[in-house]
Amino acid sequence: DKEAKYPQFNFTDVVAKNLAEESTDILILQGGSIEVTNLNTQGNTLDKIELFQQIINTSSENMFKIAEKALNDYPSLKTVIILDRLPRFDKVENDPYSLKAQLSNFGNQRYLTLLEESSFKTKIFVGHHDIYSKGFSKEQIYGSERYSSYDGIHTTPYFGNIAYTQSLCNILYKASI
């Protein structure tokens, strides 16, 4: 990505480097949010929806390419788990049409289509986050819109971490890990 703040830490290279340095049989990849966050959805953006979908589609495809390449290049890998993107609740002034939440969901659905098309579909598991499984509210997980630190993307240090961890445990259980 030409816009990346730290291009030397791109996901593709980091995953390959880590797999080359340490043998493992499970690889867990978290679906990213930065490609959605970087989209300018303010103003008259409804005519850009197809472009935005293509950007998110490419991002989802890239994640699958990383998973498939890892399985191809490192036979010791038994399973790759792709964690879908977390729900988004961007501030209205940053995303007036809630396009980022919709695009994030679009990308998550794309993972499922790519899984069905993959020659490694028996070794890839797409995990869906259910961060509400402990009964926490959106405000407990993401914070309150009344505070300046709220962005609707990042979870809170306490309840958000508990919710994410519980969601991850549920995904690992469903993946038989």
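Our structure's up above, just so we're on the same page.
Quick caveat, the model's predicted, so the values are computed rather than measured.

Participant: For the packing of aromatic side chains, give the residues involved together with the corresponding values.
Facilitator: The full count for this structure, using the stated rule, is four aromatic pairs. Ring centres of Phe89 and Tyr142 lie 5.1 Å apart, and the angle between their planes is 70 degrees; on these two criteria the pair is classed as edge-to-face. You can see Phe89 sitting in the loop between strand 2 (79-83) and helix 4 (99-117) and its partner Tyr142 sitting in helix 5 (residues 138-142), a full 53 residues away along the chain. Taken together, the aromatic side chains of Phe136, Tyr158 and Phe159 make up a single cluster linked through ring pairs.

Participant: Give me the lowdown on helix 6 (residues 159-174), citing residues and values where you can.
Facilitator: Between its terminal C-alpha atoms helix 6 stretches 22 Å, which fits the 22 Å expected from 16 residues at 1.5 Å a residue. Summarising the contacts, the buried residues of helix 6 are in contact with strand 2, strand 3 (124-127) and helix 5. Ser176 sits one or two residues past helix 6 and shows a positive phi near 60 degrees.

Participant: So, the nonpolar core: which residues are in play, and what are the values?
Facilitator: Among the nonpolar cores identified, the biggest contains 19 residues, and Leu27, Leu29, Phe64, Leu77, Val80, Ile82 and Ile124 are the most heavily contacted of them. With six residues, the top contributor of residues to this core is helix 3 (residues 49-73). Among all residues touching Ile82, those that are not within four sequence positions of it are Leu29, Met63, Phe64, Ala67, Tyr111, Ile124, Phe125, Val126 and Gly127.

Participant: Report on the side chain of Asp95, specifying residues and quantitative values.
Facilitator: By the secondary structure assignment, Asp95 is in the loop between strand 2 and helix 4. For Asp95, which is buried and forms no salt bridge, the nearest opposite charge comes from Lys100, at a distance of 5.9 Å. A polar atom in the side chain of Asp95 sits 3.1 Å from the backbone nitrogen of Leu99. Not counting residues up to four positions away in its chain, the partners in contact with Asp95 are Thr41, Asp90, Lys100 and Ala101.

Participant: Would you mind going over unusual backbone geometry in detail, with residue names and values included?
Facilitator: For Ser98, which is not glycine, the phi torsion reads 55 degrees and is therefore positive. Tracing the backbone shows Ser98 in the loop between strand 2 and helix 4. One non-glycine residue with positive phi stands out, namely Ser176, at about 60 degrees. Assignment of secondary structure puts Ser176 in the segment after helix 6. Assessed through its relative accessible area of 67%, Ser176 is described here as exposed.

Participant: Tell me about the pairing of strand 3, residues and numbers included.
Facilitator: Pairing geometry for strand 2 and strand 3, over four bridges, is parallel. Bridge assignment links Val80 to a residue of strand 3, and that residue is Ile124. Handedness of the crossover joining strand 2 and strand 3 through helix 4 is recorded here as right-handed.

Participant: Give a detailed account of the packing of helix 3 against helix 4, specifying residues and quantitative values.
Facilitator: For the pair helix 3 and helix 4, interaxial distance at closest approach is 9 Å and the crossing angle is 45 degrees. Taken together, the axes of helix 3 and helix 4 lie oblique to each other. Taken as a pair, helix 3 and helix 4 cross one another with a handedness that is right-handed. Between helix 3 and helix 4, the contacting residues are Ile49, Phe52, Gln53, Ile56, Asn57, Ser60, Glu61, Met63 and Phe64 on the first element and Leu99, Leu103, Phe106, Gly107, Arg110, Tyr111, Leu114 and Leu115 on the second. Looking at the contact of helix 3 with helix 4 residue by residue, the class counts come to eleven nonpolar, four polar and two charged.

Parameters and conventions
Residues numbered from 1 in each chain as written. Predicted model: local features only at pLDDT ≥ 70, side-chain atom pairs only at ≥ 80, totals over all residues. Heavy atoms only, no water. Phe/Tyr/Trp six-rings, centres within 6.5 Å; stacked < 30°, edge-to-face > 60°. Helix = DSSP H or I, 4+ residues; strand = E, 2+ residues; numbered from the N terminus. Expected span 1.5 Å × (residues − 1). Contact = heavy atoms within 4.5 Å. Core = buried A, V, L, I, M, F, W, Y, C linked by side-chain atoms within 4.5 Å. Buried < 20%, exposed > 50% of the residue type's maximum accessible area, 1.4 Å probe, protein only. Lys, Arg positive; Asp, Glu negative; His and termini not counted. Salt bridge = Lys/Arg side-chain N within 4 Å of Asp/Glu carboxyl O. Polar contact = N/O pair within 3.5 Å; in protein donor to acceptor, adjacent residues only side chain to side chain. Pairing = 2+ DSSP bridges. Right-handed = clockwise from strand over helix to strand, strands pointing away. Axes fitted to C-alpha atoms, helices over the stretch in contact; angles between N-to-C directions. Parallel < 35°, antiparallel > 145°, perpendicular 65-115°, else oblique. Left-handed = near helix turned anticlockwise from the far one by under 90°. Nonpolar A, V, L, I, M, F, W, Y, C, P; charged D, E, K, R; others polar.

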